[in-house]
Amino acid sequence: MQTNRQSGESGAAEGRRRELLEAADRVVLRDGPKASMNAIAAEAGITKPILYRHFGDKAGLYQALAARHTDALLDSLRAALDAPAERRSRVESTLDTYLAAIEARPQVYRFLMHPAEDSHSSERGFDVGVHSVPLLRRLGEELAKVVGERVDLGPDGDRLARIWGHGIVGMMHAAGDWWLAERPCGRAELVAGLTDLLWGRLATAGNREGGPGF
């Protein structure tokens, strides 16, 4: 009986946390990096102390939102990598998936990657870089796993796969950040240019024996 009650309480808490994250998402979509705990609490119909009870502070809320959006992005990237297509098309599709995600929700991207530079509130001290760097490193490690499982990179292939994984994520992040801010070209042109940059070794590397192929 006790276990069932604890399970029910845990499920209710999980559901409430999900509702609060959805409210936070709505505020972030509207306000971007300027999203405040006050605005999120108001959107959720609760007081700020209750929001703190669930997330601790803005950094805790940021980490929860980052995990939520990173999980969704990784699912989309894996789907692009697993699509039945030839290798270059899958590279293009994967790059396009990332860029399409930040283009579709630019305010969410800016909240996750950029502080509110003109904010003068008590939340001004939030150091977004402390949290965004682990997010990018997680993406790099996940991509490294995919490369290592699929592509035969020869001796020390696992280490090279990590170099590639983090390098590709760094390239996507830097190029995507610049593109989103300046829009110097269409998304398709950027995807083609980045694919050309990556294609040299990928074009000649064989699939890893026993792996799912790439």
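Once that is clear, we can look at the overall build of the protein chain. On a plain count of helices and strands, the protein chain comes out with nine helices and zero strands. What you see in the protein chain, going N to C, is helices and strands ordered as α-α-α-α-α-α-α-α-α. Buried residues in the protein chain amount to 43% of all 214 residues. In the protein chain, once contacts between residues fewer than 6 apart in sequence are set aside, the share between residues at least 24 apart is 70%. Per element, the accessible surface of the protein chain, about 11,400 Å² overall, is 52% carbon and sulfur.

Glancing now at the pattern of salt bridges. This model, assessed by the stated rule, comprises 17 salt bridges. Its salt-bridge partner being Glu103, residue Arg183 comes within 3.2 Å of it at the nearest N-O pair. Residue Arg183 is found in the loop between α8 (157–182) and α9 (187–204), and its partner Glu103 is found in helix α5 (residues 87–104); the two are separated by 80 residues along the sequence. Among the residues examined, Arg183 registers a relative accessible area of 42% and is labelled partly exposed. Between Arg159 and Asp156 there is a salt bridge; the shortest N-O distance is 3.3 Å. Overall, Arg159 belongs to the exposed group, its relative accessible area being 54%. Through salt bridges with shared partners, a single network forms among Arg26, Arg30, Asp31 and Glu43.

Mapped onto the secondary structure, Lys58 falls in helix α4 (residues 58–82). A distance of 2.8 Å separates a polar side-chain atom of Lys58 from the backbone oxygen of Ala35.

Right, let's talk about the packing of α4 against helix α6 (residues 106–113) for a bit. At a minimum axis separation of 10 Å, α4 and α6 run at an interaxial angle of 130°. When the axis of α4 is compared with that of α6, the two are oblique. Crossing of α4 against α6: the hand is left-handed. In this structure, α4 contributes Lys58, Tyr62, Leu65, Ala66 and His69 to the contact, and α6 contributes Val108, Phe111 and Leu112. Counted by class, the contact of α4 with α6 contains six nonpolar, one polar and one charged residues.

A word on the environment of Ala203. Within the secondary structure, Ala203 sits in helix α9. Measuring from C-alpha to C-alpha, the distance between Ala203 and Arg87 comes to 8.1 Å, with 116 residues separating the pair along the chain.

Note: most residues except glycine have negative phi, and most peptide bonds are trans. Even without being glycine, Asp156 reaches a positive phi, approximately 60°. Examined against the element boundaries, Asp156 turns out to sit in the loop between α7 (128–150) and α8. Within the chain, Arg183 stands out as a residue other than glycine whose phi angle is a positive 45°.

A full pass over the atoms with the stated rule returns one aromatic pair. With 5.9 Å between their ring centres and 40° between their planes, Tyr62 and Phe111 make a pair best called tilted. You can see Tyr62 sitting in helix α4 and its partner Phe111 sitting in helix α6, a full 49 residues away along the chain. Look at Tyr62 and you get buried, because its relative accessible area is 1%.

Moving on: α9. Taking 1.5 Å as the rise per residue, α9 with 18 residues should run 26 Å; its terminal C-alpha atoms sit 26 Å apart, in good agreement. The axis of α9 is deflected most strongly, by about 55°, at Leu198. Among the residues making up α9, those that are buried are Leu190, Val191, Leu194, Thr195, Leu198 and Leu202. Here the buried face of α9 lies against α5 and α8.

Definitions and limits used
- Residues numbered from 1 in each chain as written.
- Predicted model: local features only at pLDDT ≥ 70, side-chain atom pairs only at ≥ 80, totals over all residues.
- Heavy atoms only, no water.
- Helix = DSSP H or I, 4+ residues; strand = E, 2+ residues; numbered from the N terminus.
- Buried < 20%, exposed > 50% of the residue type's maximum accessible area, 1.4 Å probe, protein only.
- Contact = heavy atoms within 4.5 Å.
- Areas by Shrake-Rupley, 256 points an atom, 1.4 Å probe, with all protein chains shown as cover.
- Salt bridge = Lys/Arg side-chain N within 4 Å of Asp/Glu carboxyl O.
- Polar contact = N/O pair within 3.5 Å; in protein donor to acceptor, adjacent residues only side chain to side chain.
- Axes fitted to C-alpha atoms, helices over the stretch in contact; angles between N-to-C directions.
- Parallel < 35°, antiparallel > 145°, perpendicular 65-115°, else oblique.
- Left-handed = near helix turned anticlockwise from the far one by under 90°.
- Nonpolar A, V, L, I, M, F, W, Y, C, P; charged D, E, K, R; others polar.
- Phe/Tyr/Trp six-rings, centres within 6.5 Å; stacked < 30°, edge-to-face > 60°.
- Expected span 1.5 Å × (residues − 1).
- Bend = angle between axes of the 7 residues up to and from the residue.

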